[in-house]
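As a plain string of letters, each chain reads:
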Amino acid sequence: MVSRRSSSLDESDMTAQEENAKRTATSPRAIGIPVSQIDEVLRLCARNIRRFINDMGILLKDSSDWHAIALAIFAFEELAKYSELRKSKESAAQDIVMVDERLFGKGKDPHGYKQNIARNLIQQDAMILIFPYFDSTYFDARHFHAEPDEMSHALRLDCVYVNWKDGKWIHGTPVVPDRIMMFTEAILDRLNRLESGSP
């Protein structure tokens, strides 16, 4: 009887250890950053956001809307990084702050992680590229193959790369350039408020 209990305990311990190992393997890791370095990274992130948006404007002027969307989404993700690093600095109780590795493109789904953070930083309607009631009558059907969509990592990939999906070629998305501008203006507005310490 003692051996049966011992065996059961060993099995339950092993199961708990396996579950803990799985959790650890799938959990995002933290990266330690000295608080003294945060101001520099905030400056670099802000500059990078503004550069993405400036370059996006150049692409829009050249009617390169799809690549412009990709740069706008890069700015969106960089805004999330800026926000999280600023919060970490403001709440620092030690000389080093621990931040999620996904902010730096590591771990599982770093783009989705940053975009989920950024979604809470700007108004929701600014992220909609085309509204569902948009009339596509006057658009070339060959280029109007994507569903109306919000800014996302998948949308960025569709705008940058030619892909084969569901038996057809995909490159780009229906786009109204004014919506891209609205999106980037919301990003800049939020960045300016974060830099000035406003909510």
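Refer to the structure printed above.
Quick summary incoming for the structure in this document. (Residues numbered from 1 in each chain as written. Predicted model: local features only at pLDDT ≥ 70, side-chain atom pairs only at ≥ 80, totals over all residues. Heavy atoms only, no water.)

A closer look at the overall build of the chain
As a reminder, the rule being used: Strands here are runs of E lasting at least two residues and helices are runs of H or I lasting at least four, both read from the DSSP assignment and numbered beginning at the N terminus. Exposure classes here rest on a 1.4 Å probe applied to the protein chains alone. A residue is buried below 20% of its type maximum, exposed above 50%, and partly exposed in between. Whether two residues are in contact is decided by their heavy atoms, any of which lying within 4.5 Å being enough. Each accessible area value is a Shrake-Rupley result obtained with a 1.4 Å probe; residue values ignore everything except the protein chains displayed when judging cover.
Per the secondary structure count, the chain includes 6 helices and 4 strands. Secondary structure elements of the chain occur, N-terminal to C-terminal, as α-β-α-α-β-α-α-β-β-α. Relative to its 199 residues, the chain shows a buried fraction of 39%. Sequence-distant contacts in the chain: of pairs separated by 6 or more residues, those separated by 24 or more amount to 73%. For the chain, the computed accessible surface area is about 12200 Å², with 53% contributed by carbon and sulfur atoms.

Observations concerning the packing of aromatic side chains
Applied cut-off: In this scheme Phe, Tyr and Trp rings, the latter by its six-membered ring, pair at centre separations within 6.5 Å, and the angle between planes marks the pair as stacked below 30 degrees, edge-to-face above 60, and tilted otherwise. In this analysis the charged atom, NZ for Lys or CZ for Arg, is taken to sit over a ring once it is within 6 Å of the ring centre and within 35 degrees of the ring normal.
Taken as a whole and assessed by the stated rule, the structure comprises 3 aromatic pairs. Aromatic side chains Trp-164 and Trp-169 sit 4.8 Å apart centroid to centroid with 65 degrees between the ring planes, which places their arrangement in the edge-to-face category. The exposed category is assigned to Trp-164, whose relative accessible area is 53%. The class of Trp-169 is exposed, set by a relative accessible area of 59%. The side chain of Arg-102 reaches across the aromatic face of Tyr-113, ending 3.8 Å from its centre.

So, the side chain of Glu-77
To keep it simple, the criterion reads: Polar contact criterion, stated in full: a pair of N or O atoms within 3.5 Å, where within protein one must be able to donate a hydrogen and the other to accept it, and residues adjacent in sequence count only if both atoms are side-chain atoms.
Tracing the sequence through the fold places Glu-77 in helix H3 (residues 65-90). When its relative accessible area of 3% is taken as the criterion, Glu-77 is described as buried. Within polar-contact distance, the side chain of Glu-77 engages the side chain of Gln-115 at 2.7 Å. Look past the residues within four positions of Glu-77 in its chain and what remains in contact with it is His-111, Lys-114, Gln-115 and Arg-156.

Overview of H3
Rule in force here: A helix is expected to reach a length of 1.5 Å times the quantity of its residues less one.
For H3, spanning 26 residues, the distance from its first C-alpha to its last is 37 Å, which sits close to the expected 38 Å at 1.5 Å a residue. Among the 26 residues of H3, 21 are classified as buried, and the element is accordingly described as predominantly covered.

A few points about the nonpolar core
Just so we agree on the cut-off: The nonpolar core is taken to be a set of buried Ala, Val, Leu, Ile, Met, Phe, Trp, Tyr and Cys residues, with the residues joined through side-chain atoms within 4.5 Å.
Core analysis: the biggest nonpolar cluster contains 43 residues, and Ile-69, Ile-122 and Ile-187 have the highest contact counts within it. At the level of elements, helix H2 (38-61), H3, strand S2 (96-100), helix H4 (110-119), helix H5 (153-160) and helix H6 (177-196) are the ones that each hand at least two residues to this core. Here this core takes 12 residues from H3, the largest share from any one element.

Some words on the environment of Ile-38
By secondary structure assignment, the location of Ile-38 is in helix H2. Judged by its relative accessible area of 0%, Ile-38 falls in the buried class. When the C-alpha positions of Ile-38 and Ile-96 are compared, they lie 9.7 Å apart, and in sequence the two are 58 residues distant. Beyond its immediate chain neighbours, meaning those up to four positions away, Ile-38 contacts Ile-33, Leu-85, Lys-89 and Val-97.

Observations regarding H4
Counting buried residues along H4, 8 of its 10 residues qualify, which places the element largely inside the surrounding structure. Those residues of H4 that sit buried are Pro-110, Gly-112, Tyr-113, Lys-114, Gln-115, Ile-117, Ala-118 and Arg-119. Contacts from the buried residues of H4 go to H3, S2 and H5.

Thoughts on the environment of Arg-193
By secondary structure assignment, the location of Arg-193 is in helix H6. With near-sequence residues (within four places) excluded, Arg-193 lies in contact with Leu-121, Ser-198 and Pro-199.

Description of a nonpolar patch on the surface
Note the cut-off: Here the term patch refers to residues with relative accessible area over 30% and no salt bridge, with like charges joined within 9 Å and nonpolar side chains (Val, Leu, Ile, Met, Phe, Trp, Tyr) within 5 Å. Whenever Lys or Arg places a side-chain nitrogen within 4 Å of a carboxyl oxygen from Asp or Glu, that contact is recorded as a salt bridge.
A contiguous nonpolar surface patch, about 240 Å² in accessible area, is contributed by Leu-157, Val-160 and Tyr-161. Its place among the elements puts Tyr-161 in the loop between H5 and strand S3 (163-165). Note on Tyr-161: relative accessible area 48%, which makes it partly exposed.

Focus: the packing of H3 against H5
To keep things clear, this is the line we draw: Only the contacting stretch of a helix is used when fitting its axis, a line to C-alpha atoms as for every element, and angles between N-to-C directions run 0 to 180 degrees. Left-handed describes a crossing whose near helix is turned anticlockwise from the far helix through less than a right angle; right-handed describes the clockwise counterpart. Classes in brief: Ala, Val, Leu, Ile, Met, Phe, Trp, Tyr, Cys and Pro nonpolar; Asp, Glu, Lys and Arg charged; the others, Gly included, polar.
Across the interface, H3 lies against H5 with an axial gap of 8 Å and an inter-helix angle of 145 degrees. Here H3 runs over H5; the crossing is left-handed. Counted together, Trp-66, His-67, Ile-69, Ala-70, Ile-73, Phe-74 and Glu-77 of H3 and Leu-155, Arg-156, Cys-159 and Val-160 of H5 form the full contact between these two elements. Its residues assigned to classes, the contact of H3 with H5 shows 8 nonpolar, 1 polar and 2 charged.

Such coordinate-based values are descriptive only and should not be taken to indicate function.
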